Each structure stands twice: as C-alpha cells, then as structure tokens.
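# Chains, contacts and geometry: an overview
Residues per chain are reported as follows:
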Amino acid sequence: MQWNLGDLLDHVGRVEPTSRPALIHGDRVLSWADVTRRSNNLARAMHARGVGPGAKAAFYLRNVPEYMEFLIAALKGRLTHVNVNYRYRERELLYIFDNSDTEVVVYSAEFRDRVEQIREQCPKVKVWVEVDSETPPTYAIAYEALAEEGDGAPLDIERDPHDPIFVYTGGTTGMPKGVIWTHHIIMSAQLNSLRALNGDADPPSSIPEFLEHVRARGMHARQLPAAPLMHATGMTVAMGAMVSGGCVITLPTTTKFDAAELWREASRHGATSITIVGDAFAKPMLAALEEAKEPYKLDSVQSIVSSGVVWSSPVKQGLVKHIQQVLLLDSLGSTEAPACGATITTKDGEVTETLDFRVGPECRVFDENDNEVEPGSGKIGFMARSGFIPIGYYKDEAKTRETFKTIGGVRYAIPGDLCHVEADGRLVLLGRRSSCINTGGEKVFAEEVEETLKAHPAVDDANVIGVPDEKWGQAVIAVVAPRAGANADEAELRAFVHERLAGYKTPKRIFTKPDLERHPNGKPNYERMRTYALAELERSA
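Our subject in this report is the structure included herewith. Worth saying up front: this structure is predicted, and the values here are computed from it rather than measured.

## What to know about the overall build of the protein
Counting its regular elements, the protein contains 16 helices and 28 strands. Relative to a compact globule of 541 residues, whose C-alpha radius of gyration would be 24 Å, the protein shows 23 Å and is just as compact. With the principal axes as the frame, the protein shows a C-alpha extent of 70 × 60 × 55 Å. At a minimum sequence separation of 6, the contacts of the protein that also span at least 24 residues come to 66%. Of the roughly 22,800 Å² of accessible surface on the protein, a fraction of 48% belongs to carbon and sulfur atoms.

This is the structure we're talking about:
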C-alpha cells in the first residue's frame, strides 16, 4: 500500500461520527464534521488563489487548533507543510520563506509586526493568511473567512503518496535545513511503530483495513502535544492521532508552558497521551503533581512520549509514582533519524540510566570509516537509522550526501549523534558531534556533564559549551539555572562534578543564569549560552 495522508483523512472524515471531537482548545471544540468541512474549504480556497499542488505552505503559529486544521487542509490539497519556529526574528523568517519557496504563509495575528517588516522582501509568497483576526491588514486574508468559504465538499483530486512534507530543523550550526519526508514514508513509519508496540505480525495494507484496525483496537487517541506542533515530535504524534480518527488537545495558554494547566486540561478532556520534550517539560510537570493540593484525575492518561532531549531517570520515576498506570516512552532519535531506540518506564518496570536506550532493529552504529562498531568494544561511533527515513535535505545536495549514506547496500540516516554500544546491545548516547568539546585532545560530551550538574540539588538546568582557550584549544564552561531559593555555589558545583567525572570534564568556570533560554522544542540554545559565557568570562577577567 502506498499511503497518502490526504486520502486517509478523507476516509476518516466520512466514517467518524460527526459529533466526535477532533480539536479541543480550552472551551472551544471542533467536531470531526467541523474539521472535515472547514479543511476542505481551506484547501479549495488555496487552489482558487493560485496556491495549488506542490506549493509550499509555511505555518507561523503556536499550538492552536488552526495549526492542525490547516495541516489537514494542506495534506488534502497537496500543499507542502513548512514549519516555522515562532521565536525566529526577521532574518531567520526571510531565510525560511525563501529557502523553502513558500507561497502561502499562515500566521498568528500576534506576529503581524514581524510579517509587515519582511513581506515586501518575500516575492514568492502569493497569499498571507492571518489567524485570530476579523480585520486583517489589506495584504492578508482572515483565516475564518477562508474556513467558511464554500460548502465543505471533498476535493476532486488525485493525490500522490510521494507528496512531500518539510520539517525544518535548526540543528546546532548554520541555518535551518529542510528535511524532506513524504506522506508514504511518514505513515509507514507510524504503522511500523504501531506494529512494534502492539506486537502485530503485519500492519494494515489498505485504507479500509487500517480503519477497521483502528476501530477494533479502539485507538481514538486524545493526544495532548505539550511539545510545539512546529517541532517534528509534536506534529507527527498529532498527525497520527488525526489519521486514526482521534483528537488533538492544545493548551489554552500558548505563550508559555504551564504544567498545572497541562494536568488540568488532561483531566478535563480525558487525554490518553501527552507529548513532551524531555526534562524541560517533565520537571515542571512533576513539580506540579507534587505541589497539587488535590490529586488530578488522570485515569485516562496511558502514555507520555518524549523525543529529542534528555529525560532523566529520577524525573521518570517521580512521574510514575503519581500516575501509576502510565507508560513513559523516551524515544531516541532526531528529525532525520527518528525512533532509533527507546527506553520504556512503568511503575513496576526496570529502572534504567538516563542516557541508556534499547536500540531498534533498524539502528546501527558506525565509525568514521563506515565500519560497524562492535558491542562492548568501547569504541565511539555514529548512530545510524535505516528503514523509513527522509529523502534528504531540500536544496542541499552536499548535506544530503553527508547525512544519508548507503553502507553495505542499505541506506542510512546518520545525523551525527555519537554513542557507544554496551556488550548487551544497550546504546549509550553521548551527544551530537557538533556539541562535543575537544579540550587538550580529550573529548568531552556536553550532555554527560550537564546531567551530572543537574543531579546537584541546587541546579534546575544546565548547559555545557566549549569556548576558545589558548592552552587547551577549548575550555569546558557551564551555565546553570539554580533551583528556586537555592544557592548554586560555583566552587561547590565544580567539586561535585570533579568527584563524579574525570578531571578534564570539570568545567573551568560555572556561571548562573535564571533562564537558559531553551528553544521552544526544549533543546539547548548553545549559541546563546556560548555568547553569554564569553561575555561573563570577559567581564570577570
């Protein structure tokens, strides 16, 4: 079966009970009938304005129902999704719109000022659509007007399973790169994961079979993505819920993460799964559970899923004490190479170390010469993922050749994650090559030092970077965010690390900062922290 998500959503829209909720945002509920009608209208409206199959559509939105609704419209209308980080400034926005060849931008009214500063420099953009505004500027169209423009009839269109979906990833160096997925690859990857979780011998091989599979298993998930929808993890799990006739719940407060609100909304709307990005979300979630005057009603929550950022073992153990029926799935991967491995935590399950993962059958580890690293050898290698992986990077053939390689007749995605493999097959993640610090010829992996610092009771969060050093080439420097009311003493923290790690891994200096300004997807903002650390070093010289 060659899957197209637009075809699937057409079928789901026809078979789902019209009253079943599809999108929930606080008190606002859009049924499957609403979303089916409105998404068909939106797709037709784009075609009528010259934005047809193959055109790129940029999503400049936070976690709001319009993100998923317009995504469904784009999938049905054969438009290519382009995610936009809502923290980007003018230069970065211009780059994304130009590099992706964007023809339509759907943006929130809160970003109008930025749009107005750059729109005349975006000649490729044909249509600007403003969300949350009845009176948009003259160059834009109100989203609601388009959603209600028409009778909601299905599109008469032949779709292609190879229709692309772009996911721009910032990485740690250079400008963002557009990772090219296709409808078929994404759906096949999700079915593959479904088979692994459920123990199915064979995944569904047709749309009717898939719909019957969904009905038989009662898989109408109520997915609450706390992670940004513009992040690959948030978008793909939300999309998975929609194609299976489920529901996506977004939090009413969109400008900041409120853990107490998350638990209230999960309880209120019966969320079955929550998607986060590591400790940046999980730590405040655990704190909210511990500080609650009355327990939240969370009987519906079956799973919490994370990917892309460290999710520490003590935080996982704390969560399962409060939500005893929950399964915590910590997925190892990246936008280019998702689901390489996983750690599963349950109330009665095995307690694992923070950076230890069980690898999947498509994961291998190769050295710099493309030789497979033998388990237990102690050698460091690069994590590689075969199977359902992206086509490459948009308009970047050199980076595509570097990242997507054929070894032994098998095509792999190798985005640069360093690790070593234990004798029993466990994979221990060390971090990205770009965040590896070379100090005096010794390699220091930022995540290892960060996790050590975060184990200190005075530290809430930590970033470790390398800065130029005349003697050592690079010096290890840390920036930590103290816990509320705690005193993160530099000498004490350095001694704490020195007791637990080799001396060369101990930061030369440790600076404190109330907020480490992580990206919206929870990933470290190493460039910002490096700039801050260099300024502090100069000030203290």
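## Section: the pattern of salt bridges
This model, assessed by the stated rule, comprises 37 salt bridges. The salt bridge involving Arg 78 is made with Asp 163; its shortest N-O contact spans 2.8 Å. In this pair, Arg 78 sits in the loop between helix H3 (65–77) and strand E4 (80–83) while Asp 163 sits in the loop between helix H6 (143–147) and strand E8 (164–169), placing the two residues 85 residues apart along the sequence. In this structure, the salt-bridge partner of Arg 518 is Asp 461, at a minimum N-O distance of 2.7 Å. Of this pair, Arg 518 sits in the loop between strand E28 (509–512) and helix H16 (526–540) while Asp 461 sits in strand E26 (residues 459–469), and the two are 57 residues apart along the sequence.

## So, the nonpolar core
Counting residues in hydrophobic clusters, the biggest one holds 99 residues, and the most contacted among them are Met 46, Tyr 60, Phe 97, Trp 128 and Met 242. Apart from the residues within four sequence positions on either side, Met 46 is in contact with Val 51, Phe 70, Leu 79, Val 104, Val 127, Val 129 and Leu 146.

## Observations concerning the sheet that holds strand E19 (residues 392–393)
The antiparallel open sheet is built from three strands, whose spatial order is E8-E9-E19. Only two strands of the sheet have a single partner each, and these edge strands are E8 and E19. Pairing geometry for strand E9 (residues 177–182) and E19, over two bridges, is antiparallel. Across the sheet, Val 179 pairs through a bridge with Tyr 393, a residue of E19.

## Brief notes about the sheet that holds E26
Paired through backbone hydrogen bonds, the strands of a sheet run either parallel or antiparallel to each other. Across the sheet, three strands lie side by side as E26-E27-E28; this open sheet has mixed pairing. Every other strand in the sheet has two partners, leaving E26 and E28 as the edge strands with one partner each. In this sheet, neighbouring strand axes are inclined to one another by 25° on average, regardless of whether the strands run parallel or antiparallel. As paired strands, E26 and strand E27 (residues 473–482) are joined by 10 bridges and run antiparallel to one another. If you follow Val 467 over to E27, its bridge partner there is Ala 475.

## Notes on the pairing of strand E13 (residues 303–307)
Of all five residues making up E13, five are buried, and the element is well covered by its neighbours. Note that strand E12 (residues 273–276) and E13 share four bridges and pair parallel. Across the sheet, Ile 274 pairs through a bridge with Ile 304, a residue of E13. You can see the chain leave E12, run along helix H11 (residues 279–291) and come back into E13, and the turn it takes is right-handed. As for the winding sense of the linkage, the β-α-β connection from E13 through helix H12 (residues 313–322) to strand E14 (residues 327–332) is right-handed.

## A closer look at unusual backbone geometry
Positive phi is not limited to glycine here, since Arg 78 has a value of about 65°. Here the phi dihedral of Asp 101 falls at roughly 60°; this positive angle occurs in a residue that is not glycine.

## Comments concerning the side chain of Ser 303
Along the chain, Ser 303 falls in strand E13. Those residues within four positions of Ser 303 in sequence are excluded, and the remaining contacts are Thr 272, Ser 273, Ile 274, Val 326 and Leu 327.

## What to know about the packing of helix H1 (residues 5–15) against helix H2 (residues 32–48)
Relative orientation of the contacting elements H1 and H2 amounts to 140°, with a least axis distance of 9 Å. The pairing of H1 with H2 is recorded here as oblique in orientation. Remark: the crossing between H1 and H2 carries left-handed chirality. Of H2, the residues touching H1 (which contributes Leu 9, Asp 10, Val 12 and Gly 13) are Trp 32, Thr 36 and Asn 40. Of the residues that constitute the contact of H1 with H2, the class distribution is three nonpolar, three polar and one charged.

## Re the packing of helix H10 (residues 259–269) against H11
Orientation of H10 relative to H11, taken along the N-to-C sense of each, is 70°, at an axis distance of 8 Å. In terms of orientation, H10 lies roughly perpendicular with respect to H11. Where H10 approaches H11, its residues Ala 259, Ala 260, Leu 262 and Trp 263 are matched on the opposing element by Pro 284, Met 285, Ala 288 and Leu 289. Residue classes in the contact of H10 with H11 are distributed as eight nonpolar, no polar and no charged.

## Comments concerning the side chain of Asp 417
The topology assignment puts Asp 417 in strand E22 (residues 417–421). On the accessibility criterion, Asp 417 (11% relative accessible area) is buried. Contacts of Asp 417, omitting those with residues within four sequence positions, involve Ser 334, Gly 381, Phe 382, Met 383, Leu 429, Gly 431 and Arg 432.

## A look at helix H4 (residues 90–99)
Count 3.6 residues to each turn of an α-helix, and residues three or four apart come out pointing the same way. Along H4, the residues that are buried comprise Glu 90, Leu 93, Ile 96, Phe 97 and Asn 99. Buried residues along H4 sit against strand E3 (56–60), E4, strand E5 (102–108), helix H5 (112–118), strand E6 (127–131) and E8.

## Examining the packing of aromatic side chains
Under the criterion given, the structure shown has 12 aromatic pairs. When the centroid spacing of 5.5 Å and the interplanar angle of 65° are considered together, the rings of Phe 59 and Phe 70 count as edge-to-face. In this pair, Phe 59 is assigned in strand E3 and Phe 70 in helix H3, connecting sequence segments 11 residues apart. Pairing Phe 166 with Tyr 394 gives two aromatic rings, centres 4.6 Å apart and planes at 45°, and the pair type is tilted. In this pair, Phe 166 sits in strand E8 while Tyr 394 sits in the loop between E19 and helix H13 (397–403), placing the two residues 228 residues apart along the sequence. For Phe 166, a relative accessible area of 2% puts it in the buried group. In this structure Tyr 394 comes out as buried when scored by relative accessible area, which is 17%. Cluster of aromatic residues (ring-pair linked, three or more members): Phe 59, Tyr 67, Phe 70 and Tyr 143. The ring of Tyr 86 has Arg 62 sitting right over it, with the charged end atom 4.8 Å from the ring centre. Seen from the ring of Tyr 532, Lys 513 lies directly overhead, with NZ or CZ sitting 5.5 Å from the centre.

Analysis parameters
- Sequence positions are assigned chain by chain, starting from 1 and proceeding in written order.
- For this predicted model, a pLDDT threshold of at least 70 governs which residues receive local features, and a threshold of 80 or more governs which side-chain atom pairs are given and counted, while totals over whole chains, interfaces and linings are taken from all residues.
- Water and hydrogen atoms play no part in the side-chain values, which are based on all heavy atoms of the structure.
- Secondary structure elements follow DSSP: runs of H or I no shorter than four residues count as helices, runs of E no shorter than two count as strands, and numbering proceeds from the N terminus.
- When we talk radius of gyration, it's over C-alpha atoms, and the globule rule is simply 2.2 Å times the number of residues to the 0.38.
- Any two residues having at least one pair of non-hydrogen atoms within 4.5 Å are treated as being in contact.
- To measure how exposed things are, a 1.4 Å probe is used in the Shrake-Rupley method; for residues, cover is taken only from the protein chains shown.
- Salt bridges are identified by distance alone: a Lys or Arg side-chain nitrogen within 4 Å of an Asp or Glu carboxyl oxygen.
- We call a set of buried residues a nonpolar core when its members are Ala, Val, Leu, Ile, Met, Phe, Trp, Tyr or Cys and they connect through side-chain atoms within 4.5 Å of each other.
- Summary of the burial criterion: residues with accessible area below 20% of their type's maximum are buried, those above 50% are exposed, and those between are partly exposed, where the area comes from a 1.4 Å probe applied to protein chains only.
- We call two strands paired when DSSP finds no fewer than two bridges between them.
- Every axis in this analysis is a line fitted to C-alpha atoms, fitted for helices over the stretch in contact. Angles between the N-to-C directions lie between 0 and 180 degrees.
- Orient the strands so they point away from the viewer, and a crossover whose first-strand-to-second-strand path over the helix runs clockwise is right-handed.
- Each angle receives one of four descriptions, namely roughly parallel if under 35 degrees, roughly antiparallel if over 145, roughly perpendicular if within 65 to 115, and oblique otherwise.
- Left-handed describes a crossing whose near helix is turned anticlockwise from the far helix through less than a right angle; right-handed describes the clockwise counterpart.
- Under the scheme applied, nonpolar residues are Ala, Val, Leu, Ile, Met, Phe, Trp, Tyr, Cys and Pro; charged residues are Asp, Glu, Lys and Arg; polar residues are all the others, including Gly.
- Stacked, tilted and edge-to-face are the three classes applied to pairs of Phe, Tyr and Trp rings, where Trp contributes its six-membered ring and a pair requires centres within 6.5 Å; stacked means planes under 30 degrees apart, edge-to-face means over 60, and tilted covers the rest.
- Should the NZ of a Lys or the CZ of an Arg lie within 6 Å of a ring centre and within 35 degrees of the ring normal, that charge is described as sitting over the ring.

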